[in-house]
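# Fold and geometry: a report
Next come the chains, spelled out residue by residue.
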Amino acid sequence: MAIALNQNFTPTVESQENDGLRKPKAVPILGSLPFIRKDPLNFFASTAAACGGATELSFGFEKVLMLTDPAYIRHVSVENAKNYRKSKFYGPLKPLLGEGILLAEGDEWLSQRQTAGKAFQGPELKRFVTTMGDAAAPMIARWHRKAARGEPVDVTSEMFRLTLDIVLRCLFSVEVNERYPDVYDALTEILRDTEKRIWAIASPPRWMPTPGNARYNAALRTLDRFVLDIVEDRRASGQRPNDFLQILIDAYGDESSDKFNPRLLRDQALSMVLAGHDTTANVLSWVLFELSKNPVIARQLKDEVDTVLEGRRPAFEDLSKLPFIKMVFDETARLYPPAWTLSRTAVGDDQVGNHQIKSGDNIMLCAYAVHRKPSLWRNPEGFDPYRFAEANKSHQQYAYFPFGLGARTCLGARFALMESIVIIAMIFQSFRLELVPGQVIRPEPMLTLRPNGPINMALSGA
Ligand code: HEM
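Please read all numbers here as calculations on a predicted model, not as lab measurements. (Residues numbered from 1 in each chain as written. Predicted model: local features only at pLDDT ≥ 70, side-chain atom pairs only at ≥ 80, totals over all residues.)

## Re the overall build of the protein chain
Check the secondary structure of the protein chain and you find 15 helices and twelve strands. For the protein chain, the C-alpha atoms occupy an extent of roughly 65 × 60 × 45 Å along the three principal directions. Residues counted as buried form 41% of the 462 residues belonging to the protein chain. Across the protein chain, every contact between residues at least 6 apart in sequence was considered, and the portion connecting residues at least 24 apart equals 73%. (Helix = DSSP H or I, 4+ residues; strand = E, 2+ residues; numbered from the N terminus. Buried ≥ 20, exposed ≤ 12 C-beta atoms within 10 Å, placed from the backbone. Contact = placed C-beta atoms within 7 Å.)

Here is the structure:
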């Protein structure tokens, strides 16, 4: 039972080119694609280790400049961020996200960022912690029943359902399991279909009447309907809770206002649903996986939970008293950053180090590779939460970016951390988790960095 990374794979670095870049092995026409497709994560990590702070990758006819030097990363994400936009590689997400915050640019993005930011302020954060506990409690009760029957749980699908439930409860004040049962399946269908397109050499265009496209379009219609329904239900209820949905309805839902824009309301709602659950679910799955492999660390985490909470559900005030959970979260997000790569396109010419960037060039900031780069991290492949203890932190600022960088950094980072602490604490209050033998678990670089399949865990009383 191990992460099946091929530690021996080292791309052959070709001779220095005129532009001063060292480059990984490539073949005519396909470039490095055959090597990338064989083992993408290992390819990017070992290329980062072997090729200095900047290297050019060739994905067939597409060239991508991969930057792994923290100074270069700071340059494109902060110092000259206005020269870079989200790249066309995010295009397959367009039918789901439309003009929502994840893909928006310029003034439209800024306006959405300011509007959405209001949902994460002040007293709402405190309320969220209670709601997060309320959402996790039925899962814990269900796990108790499974444990009593000796049944394992697939923690990956459990975390996806739970984080979706939490984002809908906290930001939209609805529960998926009652009136809106199909949302999880529709999102899963869309994400899996989109992911297939990322690594496929060719995919049928969306207009082609294939069974896959039919399923995809039906799933999109389910999500469109979901947004219409929750807006109608909110209006019919006459209530105005202080949540993200109400902010959207007030901003874009008034037919008499010149800002009336139901499409943008839909795009923003679904962008937040996607941003707010898939990433967190992945980190949590990897946390549980790593803790099951590291019983000494799991024991320390459990001791912290028991000492601080004394059997209570975590409250907002408890979260800062659980620093070891945060260290485990940070280390897991280092080894398994859900947004494993950030992709940008230059809109004008620029220069990083000695390298000239031309307008239209593609830039890759690969968190997975930077977080494991031997020149930036001691024991980069090891799972060591202690490196994130306040007294030990020594990594460079732009060598660690699970929540992104600069102005476009994650809007829900605090939400995600609070949610993760609540869920991890509640699980470890009740259970010990052991991997069911015989599974080969490895990360897959899809839209997010997710496990290659279920992670089945046997549960026993804590
Ligand atoms: C561990 C969990 C999470 C991780 C690792 C994560 C990571 C990220 C990253 C890397 C970005 C920047 C993407 C880019 O620059 O291309 C981002 C953006 C964003 N995230 Fe998260 N995220 C997490 C959880 C959440 C949650 C829970 C929410 C909301 C409830 C959220 C909402 C957003 C939003 C709205 C943006 C877009 C920000 C903008 O473009 O201005 N995220 N996230």
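## Remarks on the site of the ligand
Near the ligand lie 24 residues; those nearest to it are Gly276, Ala339, Gly404, Cys410 and Gly412. Taken together, the elements giving at least two residues each to the shell around the ligand come down to helix H5 (106-117), helix H11 (262-293) and helix H15 (413-430). Top element by residues in the shell around the ligand is H11. It accounts for six residues. Tallied by class, residues from the shell around the ligand come to 17 nonpolar, five polar and two charged. (Near = placed C-beta within 6 Å. Nonpolar A, V, L, I, M, F, W, Y, C, P; charged D, E, K, R; others polar.)

## Structural notes on the environment of Thr115
Along the chain, the position of Thr115 falls in helix H5. Taking the C-alpha atoms as reference points, Thr115 and Val78, separated by 37 residues in sequence, lie 22 Å from one another. Contact partners of Thr115, with chain neighbours within four places excluded, come to Ile247 and Ala251.

## Re the sheet that holds strand E2 (residues 62-67)
Two orientations exist for strands paired in a sheet by backbone hydrogen bonds: parallel and antiparallel. Across the sheet, which stays open at both edges, the five strands sit in the order E1-E2-E8-E5-E3 with mixed pairing between neighbours. Either end of the sheet is taken by a strand with one partner, and the two such strands are strand E1 (54-59) and strand E3 (84-86). Between one strand axis and the next, the sheet turns through 35° on average, direction left out of account. Both E1 and E2 contribute to a ladder of six bridges, which runs antiparallel. When the bridges of E2 are listed, Ala54 appears paired with Leu67. (Pairing = 2+ DSSP bridges. Axes fitted to C-alpha atoms, helices over the stretch in contact; angles between N-to-C directions.)

## As for the sheet that holds strand E9 (residues 431-435)
Ordered in space as E4-E12-E9, the three strands form an open sheet in which the pairing is antiparallel. Strands with a single pairing partner mark the edges of an open sheet, and in this sheet they are strand E4 (153-154) and E9. Summarising the sheet, E4 and strand E12 (residues 456-461) pair through two bridges and their orientation is antiparallel. Bridged to Val153 within E12 is Met457.

## Here we look at the packing of helix H12 (residues 295-309) against helix H13 (residues 323-335)
Interhelical geometry of H12 versus H13 gives an angle of 145° and a closest axis separation of 8 Å. Contact with H12, carried on its side by Ile297, Gln300, Leu301 and Glu304, involves Phe324, Ile325 and Val328 of H13 and no other residues of that element. Residues belonging to the contact of H12 with H13 are distributed by class as follows: five nonpolar, one polar and one charged.

## Examining the pairing of E12
Alignment of E9 against E12, held across five bridges, turns out to be antiparallel. Bridge pairing in E12 places Arg432 opposite Ser460.

## What about the nonpolar core?
With 129 residues, the main nonpolar core has Leu67, Val287, Cys366, Ala367, Tyr368, Val422 and Ala425 as its most contacted residues. Element by element, the count of residues in this core is highest for H11, at 15 residues. Among residues more than four places away in sequence, those in contact with Tyr368 are Leu41, Phe44, Ala45, Pro337, Trp340, Thr341 and Leu449. (Core = buried A, V, L, I, M, F, W, Y, C linked by C-beta atoms within 7 Å.)

## Here's the deal with the packing of helix H7 (residues 155-172) against H11
The geometry of H7 relative to H11 is characterised by a closest axis approach of 8 Å and an angle of 140° between their N-to-C directions. H11 is crossed by H7, and the crossing has right-handed handedness. Residues Val155, Thr156, Met159, Phe160, Thr163, Leu164, Val167 and Leu171 of H7 touch H11, and the partners they reach there are Met272, Val273, Gly276, His277, Thr280, Ala281, Leu284, Ser285 and Leu288. The residue inventory of the contact of H7 with H11, partitioned by class, reads eleven nonpolar, six polar and no charged. (Left-handed = near helix turned anticlockwise from the far one by under 90°.)

## Notes on unusual backbone geometry
Of note, the phi angle at Glu310 is positive, near 45°, even though the residue is not glycine. Here Glu310 shows up in the loop between H12 and H13. For Glu310, a count of 8 C-beta atoms within 10 Å gives the class exposed. The phi dihedral of Asn379 falls on the positive side, at around 45°, and the residue is not glycine. Looking at the element boundaries, Asn379 is found in the loop between helix H14 (367-371) and H15. We classify Asn379 as exposed; it has 9 C-beta atoms within 10 Å.

## Concerning the environment of Ala399
Checked against the element boundaries, Ala399 lands in the loop between H14 and H15. It is 25 Å that separates the C-alpha atoms of Ala399 and His277, two residues lying 122 residues apart in sequence.

## Observations concerning the environment of Gly52
Inspection of the secondary structure puts Gly52 in the loop between helix H2 (40-50) and E1. Distance in space between the C-alpha atoms of Gly52 and Ser375 is 9.5 Å, their sequence separation being 323 residues.

## Notes on the confidence of the model for the protein chain
Mean pLDDT over the protein chain: 93, with 95% of residues reaching 70 or higher. Of the regions scoring below 50 in pLDDT, residues 1-7 engages in twelve contacts with residues more than four places distant in sequence or in other chains. (pLDDT = per-residue confidence, 0-100.)

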